[in-house]
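So the chains spell out like this:
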Amino acid sequence: MSGTRRGGPPPGSPPGPRSAPRLGPRFGPLLASGETLRDIGGAVSAIPLTHPGNRRWWIAFAAALALLGVFALTLGYLLYAGPGIWGNNNAVVWALDIASYDWWIGVACGSVLVSGVLMLLEAEWRGAVNRIAETVALLATAAAGLYPIIHLGRPWFFFWNLPYPNTYDLWPQFRSPLLWDAIDIVSFLVIALSLWYIGLLPDLATLRDRAHAEAMRQREVGAPTRRVALLRAQVYGIVASGWRGSAAHWQIWGQAYRTVALLGVLLVISVQTGASVMLAGSLMPGWHGTLLPISFLVHAVLSGVGVTAAIVVTVRVVYGLDALITARHLDVLGRLMLCLGCASAYCYAAEAFGTLLNGHAPERAVLIRRFTGAHAPAFWTAVICLVGAPQVLWSARARVSPLAIAAVGLLAAAGAYADHVMVLVVTLTQDFLPAARLSYAENAWGIATFAGSVGLFLTLLLLFLRYLPAVSIAETRRLALAQAPAAGAAEAARGVRRPEAEPHAGPLWGVAAAFATQADLAAALQALSGMRGGDVHLDGHGPVPMPRALRPLGLEGRSILPYALAGALLGGGAFYALCVYATAYDYVFLIGGRPRFSWPSFVVPSVSCAMMTGCLAIHVALLVLNRLPRLNHPAFNIPGFLRASDDRFFLSAEAQGDGFDAGRIERRLAALPAEAGRPLEIRRIPR
Amino acid sequence: MAQLFAPGADALYRLALMTGLACLVAVPVVAAGIVRSSYVTGVGIAPAQPVPFSHKHHAGELGIDCRYCHTGVERLATAGIPPTHTCMTCHSQIWTGSDMLKPVRESYDEKKPLRWVRLNRLPDYVYYNHSVHVTKGIGCSTCHGDVTSMQMTYRANAFEMQFCLDCHRAPEKYVREPDQVWNMTWTPPADQATRGPELVARNHIRGGARLTECGICHR
């Protein structure tokens, strides 16, 4: 993918003669020029803090709430009357409920995969897309997670699926893909939530600081809303868990984010292949193609990218974020959908080809029924939307058109839904027993349930857009610095050092110095690094990851990977041991002729569980290694420290013993040359 | 610059986090405990009966055989509760004026059965046959406890699935000689390890795989 390369125009795209000057944006930058760190923070955080487009938001929210009401109504009737209301009291036991579940989890998987792969490839432009992709993943998982529960005859006993100490003296059947599914969805929820929250953490701190500044302003002028403003800042403060943007925080954060993304990518593969194995585990024709796991994965990713692209385009238009989400991003999303559309074409063609070539009559019959049977519209919708729609994006003009990108994205998502319906319903409608061939048709309640789950998704999405940053501030700032390293140095180091000797009433916490750029901070830390240890604890604070500050801080070798690995291995191993103990020793039960020790069937849930426990270990490591949460910290006493989440870099030298000599540190800092580390300001900070 | 939170906020926040984590563990543990408690299972709780009938007095001290009243235990699917006539075989002769027995006499006169409070009840989806258990050597006390020591009768075991499975998985641990079935104070003899499998073979009990099939109880 051209966009993953660093800087410059995408080399893979021919600047053909057809590309008229009007298509300039296609080769434009990933970020509008002249964006400073502060502008980026302002543009994004203005959305949750000042709610632009309030009226449109409320109209959309009312519509989403109406759909959510439909969901509540449907679920109420479902609980009263049972799953028979969906019209599948016949051989088609899996219909819209499982299709909806598969579709939602597919959207979630696709979004996680896009966000995770872009992160692992270190695509520096991902900031514009990753937050929305991660949010789509989380909310789609929430919508998906309800289906396995509500499609049960007695949903209130959903926990029977999980291994818990029950009074039946029984274990759930670990050889069954239904159990894999239960473990998968729990793990996926944990991973999606973690990926979303860890990515959000520094941005929450930015929001907290901006809200705090606003709260202080309102208190000074005695505004009537000052208490609400303070409360808002405190709510952001609590969810930000005391993030201070310290160099150590950023280091662990970056590792945690990448590792969770890796776990997420592995889990996506486990979940999607698990979903297809669940079909292959049955005797039904049409569900045994060896390409089925790949086809599931391709369609999942395509629908995930489609939904993400549609939402990215909407957010860009509604909130006027053209400077941050540029035409280049749309172009990249378009290329991605085009590639996946072609992959989808390959999957369909290979399946048809393989089925027609081999001699298995029931498989061929299913294929023909897909083309011509009662549910043929599902097949043709799937092919037209999944394969056909993305072909529009061969046109460079379409790839930079927000409307085209959104339309193709939504069509691809609709196609993926049709594909799930086709795969499930066409096979099931023709039971092996002619007596069981009752007709099935999608009915109003099934559609209402799905529409209601869309309502749940949209309601949560709108709440997210209203209260949280829709574009990753931290990642976009990193991109801004990569494009123009001076983006943060608005006033540069020309500023004069202004040490103010003020009498301190209380004991001294340490000395702080402010810098305009990371380079200055790193130089100053280097100058002080000789004092590190014993009595002085050095740290840097800033709005972006500060890899250059790590060497003088002596933190270079730190890694979160051992914790993640230990968590994953322990969790996965423990789950595998549980499966073996339960199935081969404690609850020996002959089922389907499977051997007592059916080791391969325990691998899938164990992998999913390993991903979940690895992720939990990362959370613990993130908190413990960073000594978080600290809501109240002396570093917050540094004058102007709010800008540490904006465009300033701070050095803190904390007193940790009697040998701490504040004067010596101040003199050392003040003596630094102006172009290499001289601070804008030096302060003594009370405890 | 001002702090957004007071110094005490850290402790509160961490306490809240720890409490949340502790609840995550504690809620299932407490729920599992409640489900197993007598409050839910009713084990050891003697409900009020229309007549304060004492198994300890009749079956224990007087030594009346179980089958004198529960006539069907060896032949029928349910053990059965005796009709008023059974009581009156004796109480038409002794304690005929007792106030305590007034409901029994009224029941007899009016031909209306006494409404005993049932203690041992299995769910409708469990197929259970009383006679096969008794005739294959499972004693009364294995399920019902030492009834001869109960002044007022109570439920001795919660008939949860794990109780049934415990025996169905390893019947040789519980099976008795035929003459011991009615022994209310039976404990496994020292040679149960050898005698159990013998009895299992003699009584054609197919434990383990066969007895743990779902369809054995859930038909």
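**Overview of the pairing of strand β2 (residues 536-541) of chain A**
All names here are of chain A.
Turning to step 1, where the next piece is worked out: By the criterion of burial, β2 is predominantly enclosed, with five of the six residues buried.
Turning to step 2, where the next piece is worked out: By the bridge criterion, six bridges tie β2 to strand β3 (residues 649-655) in an arrangement that is antiparallel. When the sheet's bridge partners are listed, D539 is paired in β3 with S652.

**Brief notes about a nonpolar patch on the surface**
Turning to step 1, where the next piece is worked out: A cluster of nonpolar side chains, A:V620, A:L623, A:V624 and B:L17, forms an exposed patch at the surface whose accessible area comes to about 310 Å².
Turning to step 2, where the next piece is worked out: Here B:L17 shows up in helix α1 (residues 8-36).

**So, the sheet that holds β3(A)**
Residues and elements named next belong to chain A.
Turning to step 1, where the next piece is worked out: If you walk across this open sheet you meet the four strands as β2-β3-β1-β4, and the pairing is antiparallel. Where the open sheet ends on each side, the last strands, each with one partner, are β2 and β4 (681-686). Across this sheet, the average inter-strand angle for adjacent strands is 20°, counted without regard to direction.
Turning to step 2, where the next piece is worked out: One ladder, built from six bridges, connects strand β1 (residues 508-515) with β4; its direction is antiparallel.

**Side note on the environment of A:L68**
Residues and elements named next belong to chain A.
Turning to step 1, where the next piece is worked out: Of note, L68 is situated in helix α2 (residues 54-81).
Turning to step 2, where the next piece is worked out: Spatially, the C-alpha atoms of L68 and H288 are 37 Å apart, while their sequence positions differ by 220 residues.
Turning to step 3, where the next piece is worked out: Among residues more than four places away in sequence, those in contact with L68 are G455, L456 and T459.

**Section: the side chain of A:S45**
All names here are of chain A.
Turning to step 1, where the next piece is worked out: Position of S45 among the secondary structure elements: in helix α1 (residues 37-50).
Turning to step 2, where the next piece is worked out: A distance of 2.5 Å separates a polar atom in the side chain of S45 from the backbone oxygen of G41.
Turning to step 3, where the next piece is worked out: Dropping the residues within four chain positions of it, S45 is found in contact with L207 and R210.

**Observations regarding the packing of aromatic side chains**
All names here are of chain A.
Turning to step 1, where the next piece is worked out: With the rule as written, the count across this model stands at 35 aromatic pairs over all chains.
Turning to step 2, where the next piece is worked out: Here W253 and Y257 contribute two aromatic rings whose centre-to-centre distance is 5.2 Å and whose plane-to-plane angle is 45°, an arrangement assigned as tilted. Linking W253 with Y257, this pair stays in helix α7 (residues 247-280), spanning four residues, or about one helical turn.
Turning to step 3, where the next piece is worked out: Classification of Y257 as buried rests on a relative accessible area of 1%.

Reading guide: rules and limits
- Residues numbered from 1 in each chain as written.
- Chains lettered and ligands numbered in written order.
- Predicted model: local features only at pLDDT ≥ 70, side-chain atom pairs only at ≥ 80, totals over all residues.
- Heavy atoms only, no water.
- Buried < 20%, exposed > 50% of the residue type's maximum accessible area, 1.4 Å probe, protein only.
- Helix = DSSP H or I, 4+ residues; strand = E, 2+ residues; numbered from the N terminus.
- Pairing = 2+ DSSP bridges.
- Patch = residues over 30% accessible without salt bridge, like charges linked within 9 Å, V, L, I, M, F, W, Y side chains within 5 Å.
- Areas by Shrake-Rupley, 256 points an atom, 1.4 Å probe, with all protein chains shown as cover.
- Salt bridge = Lys/Arg side-chain N within 4 Å of Asp/Glu carboxyl O.
- Axes fitted to C-alpha atoms, helices over the stretch in contact; angles between N-to-C directions.
- Contact = heavy atoms within 4.5 Å.
- Polar contact = N/O pair within 3.5 Å; in protein donor to acceptor, adjacent residues only side chain to side chain.
- Phe/Tyr/Trp six-rings, centres within 6.5 Å; stacked < 30°, edge-to-face > 60°.

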